[in-house]
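Examining the three-dimensional arrangement
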Amino acid sequence: MAGRRVECTWKRHVAEQLKQRDRVQRQAFEEIIHQYNRLLEKSDLQAVLSERLQTEKYELQDRHDVSPGAESLQQEMAQIRIRHQEELTELHKKRGELAQSVIELNNQIQQKDKEIQSNEAKMLEYQQQIAQLEGECRDLRSSLADLERANQTLRDEYDALQITFSALEEKLRKTTEDNQELVTRWMAEKAQEANRLNAENEKDCRRRQAKLQKELADAAKEPLPIEPDDDIEVLSEDSGKGPGETSPSRMPSRTPSKRVSQTPPAGLLDSISNIFGYVDGVCVCFRRRRSLNSHGTSPESADAPTGVCAEVRVPSTALHVFDAHDGEVNAVRFSPGSRLLATGGMDRRVKLWEVVAGQEKKVCVCVCVPSQGSYLLAASNDFASRIWTMDDYRLRHTLTGHSGKVLSARFLLDNARIVSGSYDRTLKLWDLRSKVCMKTVFAGSSCNDIVCTEQCVMSGHFDKKVRFWDIRSESIVCELELLGRVTSLDLNHDRTELLTCSRDDLVKIIDLRNNAVRQTFSAQGFKCGSDFTRVTFSPDGSYVAAGSADGVLYVWNVLTGKLDKTLDKGHSSAINSVSWSPSGTYVVSVEKGSRAVLWSDM
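Residues numbered from 1 in each chain as written. Predicted model: local features only at pLDDT ≥ 70, side-chain atom pairs only at ≥ 80, totals over all residues. Heavy atoms only, no water.

1. Some thoughts on the side chain of T585
- If you trace the backbone, T585 turns up in the loop between β26 (575-580) and β27 (587-591).
- A polar side-chain atom of T585 sits 3.4 Å from a polar atom in the side chain of S583.
- With residues up to four places along the chain from it excluded, the contact list for T585 reads R313, W599 and S600. (Helix = DSSP H or I, 4+ residues; strand = E, 2+ residues; numbered from the N terminus. Polar contact = N/O pair within 3.5 Å; in protein donor to acceptor, adjacent residues only side chain to side chain. Contact = heavy atoms within 4.5 Å.)

2. Overview of the pattern of salt bridges
- In this structure the tally under the stated criterion is 26 salt bridges.
- Between R196 and E200 there is a salt bridge whose closest N-O contact spans 3.2 Å. Here E200 and R196 lie together in helix α2 (residues 70-221), a separation of four residues that amounts to about one turn.
- One salt bridge connects R467 with E479, and the closest N-O pair in it is separated by 3.1 Å. Of the two residues, R467 is situated in strand β16 (residues 465-470) and E479 in strand β17 (residues 475-481); the sequence distance between them amounts to twelve residues.
- Residues participating in the shared-partner salt-bridge network are D463, K465, R467 and E479. (Salt bridge = Lys/Arg side-chain N within 4 Å of Asp/Glu carboxyl O.)

3. A word on the nonpolar core
- Residues L499, V507, I509, F521, V544 and W556 are the most contacted members of the largest nonpolar core, which totals 15 residues.
- Contributions of two or more residues to this core are made by β19 (497-502), β20 (506-511), β23 (543-547) and β24 (553-557).
- The contacts of W556, once residues within four sequence positions are left out, are V507, F521, S522, A523, F526, S542, Y543, V544, A546, K562, L563 and D564.
- F334, L341, W353 and L598 belong to the second largest nonpolar core, which has 14 residues in total. (Core = buried A, V, L, I, M, F, W, Y, C linked by side-chain atoms within 4.5 Å. Buried < 20%, exposed > 50% of the residue type's maximum accessible area, 1.4 Å probe, protein only.)

4. Comments concerning the sheet that holds β20
- Strand order in the open sheet made by the four strands is β18-β19-β20-β21, with antiparallel pairing throughout. Two strands bound the open sheet, and with one partner strand each, they are β18 (486-491) and β21 (516-521). Across the sheet, the axes of successive neighbouring strands diverge by a mean angle of 25°, strand direction being ignored.
- One ladder, built from five bridges, connects β18 with β19; its direction is antiparallel. Among the inter-strand pairings, L491 is bridged to a residue of β19, identified as L498. (Pairing = 2+ DSSP bridges. Axes fitted to C-alpha atoms, helices over the stretch in contact; angles between N-to-C directions.)

5. Digging into the UniProt feature "repeat: WD" (unreviewed entry) in the protein chain
- In this structure's numbering, the residues bearing the UniProt feature "repeat: WD" (unreviewed entry) are residues 322-363, 399-440, 535-566 and 568-602.
- Along residues 535-566, the helical share is 0% and the strand share 50%, with 15 Å between the first and last C-alpha atoms.
- Within the segment residues 568-602, helix and strand shares are 0% and 49% respectively, and the terminal C-alpha atoms sit 17 Å apart. (UniProt positions renumbered as here; feature names shortened; annotations may be inferred.)

6. Considering the state of the cysteines
- According to the stated counting rule, one finds zero disulfides in the structure shown.
- The structure places no disulfide on C456, whose sulfur is separated from the nearest cysteine sulfur, that of C452, by 8.6 Å.
- Assessed through its relative accessible area of 18%, C456 is described here as buried.
- Just so you know, C501 is unpaired, no disulfide at all, and the nearest cysteine sulfur is the one on C528, 4.0 Å from it. (Disulfide = S-S within 2.5 Å.)

7. Notes on the environment of Y543
- As for its position among the elements, Y543 is in strand β23.
- Judged by its relative accessible area of 16%, Y543 is buried.
- Taking the C-alpha atoms as reference, Y543 lies 5.3 Å from V558; in sequence the two are 15 residues apart.

8. Notes on the side chain of D449
- With respect to the element layout, D449 can be found in strand β14 (residues 447-452).
- Within the structure, the side chain of D449 is placed 3.2 Å from the side chain of R410, a separation counted as a polar contact.

See below:
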């Protein structure tokens, strides 16, 4: 049925094309045919006239033979014949021209017929393609209907999961509240137990002091033998005191064997110490959000730098696991006093956390805390860097000027200048006093991380190079090319070694005295997870910590060059950044999920 309809359609189309050609070309052909018919009529007339003239010629010849005036008539007839002959020649000429025109027009008609046939073939091919496309369209409509049904099913499942998630979230909230209440009660009970132990300790101390005083009094009453060669110390008696009322503090130094230490037993002190240490651990595990005015002292004074750490502890367990941000966490850094922790994430927030209690303070890529701990610097994806003061948590400076996202920003050692590196392949030097950009240096490649010494800025780039810049001359002092894109830079405590991490899954230490790679760390399973994965030195430079794409934290020993620890419990996605506390006690790591993990050896 469909084939018959297609055949009728193209036949109707051919008929309409022929009618259209007839309407367009009919007038020209009608004129030619009319002229051709006239020529035929004239030719027939000329033939008739010629026959008539031949007859008249014979008649005139006969008359000429009979009459004398036939010669003049013959001449006249000759002229008429010549004139008619010329007209006949002209008519033959026109006839030939018209015949040539007819041949040309026939050729054009044949050419048009060929074009019509070609167009008909193309039309048939197009009709076949249309039928094929209509079939495909029907298939796509059926697929679309199936996808819509599947989408509706997924929506229903999503709604059900959303309801389940809401119920679980409510359950989690209630569980958290119950947990907080239990922690509060437990801490109160521990405080009471500590007070009880302190009271018992105080009673024991009083008993020992009373016993000591009694023993000293008894010893004072006993007579002592005096050798002739002994030194005799004369004690002057106070008025109103008898010989038996001598103060224990006035006893001669010759009786040390009678003195007893007034400190409580070691077991009691150990128990008290353990109690308070355990309370500290609870506060670390259960963070709380602190208000801005919850403390009378400023965080700057409370978080004073502690100097070089006395002992670095290699973490062995996840002390606390918590959701730091609503989304990916990009950066983390301890304050100089190790009391505050700054994190930056994709939820456009920079948060400050206490090791005991949490304090929340744009997309943030990098955070930096200067050595004095009085400012907080954050680099952001909105082409800007921002500085907050730590004493009042107020935004003080917004440094704009980059044409790409700012991937790293660092304070110089004078804390009055800042260096920032951006995706726009430039480094900028900012003066905090004038709040202007002092210098702009084109690096030639996207800058992923920056560290600084007194007069040198080191930058890691997307083109696999580490560049050393002289701040005074704005020139490259040295370039060192690695085997992969550089993701992180860090300096040891005496700024003589540079730690690098690159996308070839290698962590390297560069000796800044000769700008050469001194040591390379790798491990089976370790893989750099992104272009801004951050690694860190320990405070004393004896360990290196790095996070892997599979959520495992690796710790290498710098002295032996061997892998010291592998911590795989805590993260469920790639680790973005690692920071070691200046006190050497804690290590914190953040991931592409929303989780942060506080590690320690406790």
